[in-house]
Amino acid sequence: AQSVTQLDSHVSVSEGTPVLLRCNYSSSYSPSLFWYVQHPNKGLQLLLKYTSAATLVKGINGFEAEFKKSETSFHLTKPSAHMSDAAEYFCVVSDSNTDKLIFGTGTRLQVFP
Amino acid sequence: DTGVSQNPRHKITKRGQNVTFRCDPISEHNRLYWYRQTLGQGPEFLTYFQNEAQLEKSRLLSDRFSAERPKGSFSTLEIQRTEQGDSAMYLCAMGADPTNEKLFFGSGTQLSVL
């Protein structure tokens with residue numbers, strides 16, 4: 001069965017510094033992987049998705065993620081954090097057998113001025 | 001704004017009462033999902049519909065839970081005889097067929113069972 005593990009429950013960065021949110025996946029075959037963001041009082045929003053076309057995936061708001069099969073990782077990065085990036089981020093894998101998304105436990109990103 | 005509307009935004013109820021939530025979807029998306037999210041956790045799948053047909057239910061969905069999607073449009077999620085453990089955010093999401101990979105989520109209904 002597919003699953004994802006988010007390695008950090010909280011990440012704090014200063015505005016203007018790089019962001020790294022870590023995610024490892026477990027899958028018996030090539031997975032579809034996503035990052036979703038959840039701002040307070042707003043619905044979950046898709047940041048980016050990997051579906052085997054390219055290992056480096058660019059998303060919205062300057063985020064990108066790299067699929068590394070050898071490390072079973074799909075870490076989310078951004079070169080320079082903005083205050084508006086403060087939110088909860090979820091790494092997600094798609095279970096192709098059952099057509100549902102399986103979420104990680106989330107990483108809360110705090111951005112300090 | 002994803003176009004997925006959920007009502008009510010918040011619901012406070014006493015243990016043992018029944019509650020019902022509603023999800024009004026984007027009209028052209030025919031897959032509808034319900035997820036539950038508790039504090040500090042990611043959303044967990046509950047059930048999903050393709051049009052009016054309920055295709056899968058998680059084992060998290062006990063007999064006290066029932067979901068419907070009459071006419072393949074809006075959906076309701078009812079919890080009977082609520083328990084304190086039911087307190088959570090209930091999320092509705094829409095997915096396009098044939099791919100469900102991009103889901104559009106509503107803002108959710110926060111349920112508090114006292």
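My aim in this report is to walk through the structure given alongside it, one point at a time. Just so it is clear, the model here is predicted, and its values are computed rather than measured.

The rules we used
- Residues numbered from 1 in each chain as written.
- Chains lettered and ligands numbered in written order.
- Predicted model: local features only at pLDDT ≥ 70, side-chain atom pairs only at ≥ 80, totals over all residues.
- Heavy atoms only, no water.
- Core = buried A, V, L, I, M, F, W, Y, C linked by side-chain atoms within 4.5 Å.
- Buried < 20%, exposed > 50% of the residue type's maximum accessible area, 1.4 Å probe, protein only.
- Helix = DSSP H or I, 4+ residues; strand = E, 2+ residues; numbered from the N terminus.
- Contact = heavy atoms within 4.5 Å.
- Buried area = accessible area lost by both parts, 1.4 Å probe.
- Salt bridge = Lys/Arg side-chain N within 4 Å of Asp/Glu carboxyl O.
- Polar contact = N/O pair within 3.5 Å; in protein donor to acceptor, adjacent residues only side chain to side chain.
- Nonpolar A, V, L, I, M, F, W, Y, C, P; charged D, E, K, R; others polar.
- Pairing = 2+ DSSP bridges.

**Considering the nonpolar core**
Reasoning step 1: Among the nonpolar cores identified, the biggest contains 26 residues, and Trp35(A), Leu48(A), Leu76(A) and Tyr89(A) are the most heavily contacted of them.
Reasoning step 2: The element that contributes the greatest number of residues to this core is strand S10 (residues 87–95) of chain A, accounting for four residues.
Reasoning step 3: Apart from the residues within four sequence positions on either side, Tyr89(A) is in contact with Gln6(A), Leu21(A), Trp35(A), Tyr36(A), Val37(A), Leu47(A), Phe63(A), Leu76(A), Gly106(A), Thr107(A) and Leu109(A).
Reasoning step 4: Core analysis: the next-biggest nonpolar cluster, separate from the first, contains 20 residues, Phe21(B), Trp34(B), Leu46(B) and Val113(B) among them.

**Some thoughts on the interface of chain A and chain B**
Reasoning step 1: Contact residues are listed per partner, giving 19 residues for chain A and 20 residues for chain B.
Reasoning step 2: When chain A packs against chain B, the two sides together hide about 1600 Å² of surface, and 50% of this comes from carbon and sulfur.
Reasoning step 3: Linking chain A with chain B are one salt bridge, by the criterion used here.
Reasoning step 4: For Lys100(A), the salt bridge is made with Glu56(B), and the minimal N-O distance between the two is 3.2 Å.
Reasoning step 5: Here chain A is connected to chain B by four residue pairs in polar contact (both at pLDDT 80 or more).
Reasoning step 6: Elements with a contribution of two residues or more to the side of chain A that touches chain B: strand S5 (32–38), strand S6 (45–50) and strand S11 (100–103) of chain A.
Reasoning step 7: In terms of residue count, S5(A) provides more of the side of chain A that touches chain B than any other element does, four residues in total.
Reasoning step 8: Here the residues of the side of chain A that touches chain B sort into seven nonpolar, eight polar and four charged.

**Points about the pairing of S6(A)**
Reasoning step 1: Relative to S6(A), S5(A) is paired through five bridges, and the arrangement is antiparallel. If you follow Phe34(A) over to S6(A), its bridge partner there is Lys49(A).

**Observations regarding the pattern of salt bridges**
Residues and elements named next belong to chain A.
Reasoning step 1: Here the structure, examined in full by the defined rule, presents eight salt bridges over all chains.
Reasoning step 2: Among the ionic pairs, Glu88 bridges to Arg108, the shortest N-O distance being 3.0 Å. Linking Glu88 in strand S10 with Arg108 in strand S12 (residues 107–112), this pair joins segments that are 20 residues apart in sequence.
Reasoning step 3: With relative accessibility at 11%, the residue Glu88 sits in the buried group.
Reasoning step 4: By relative accessible area, which is 38% here, Arg108 ends up partly exposed.

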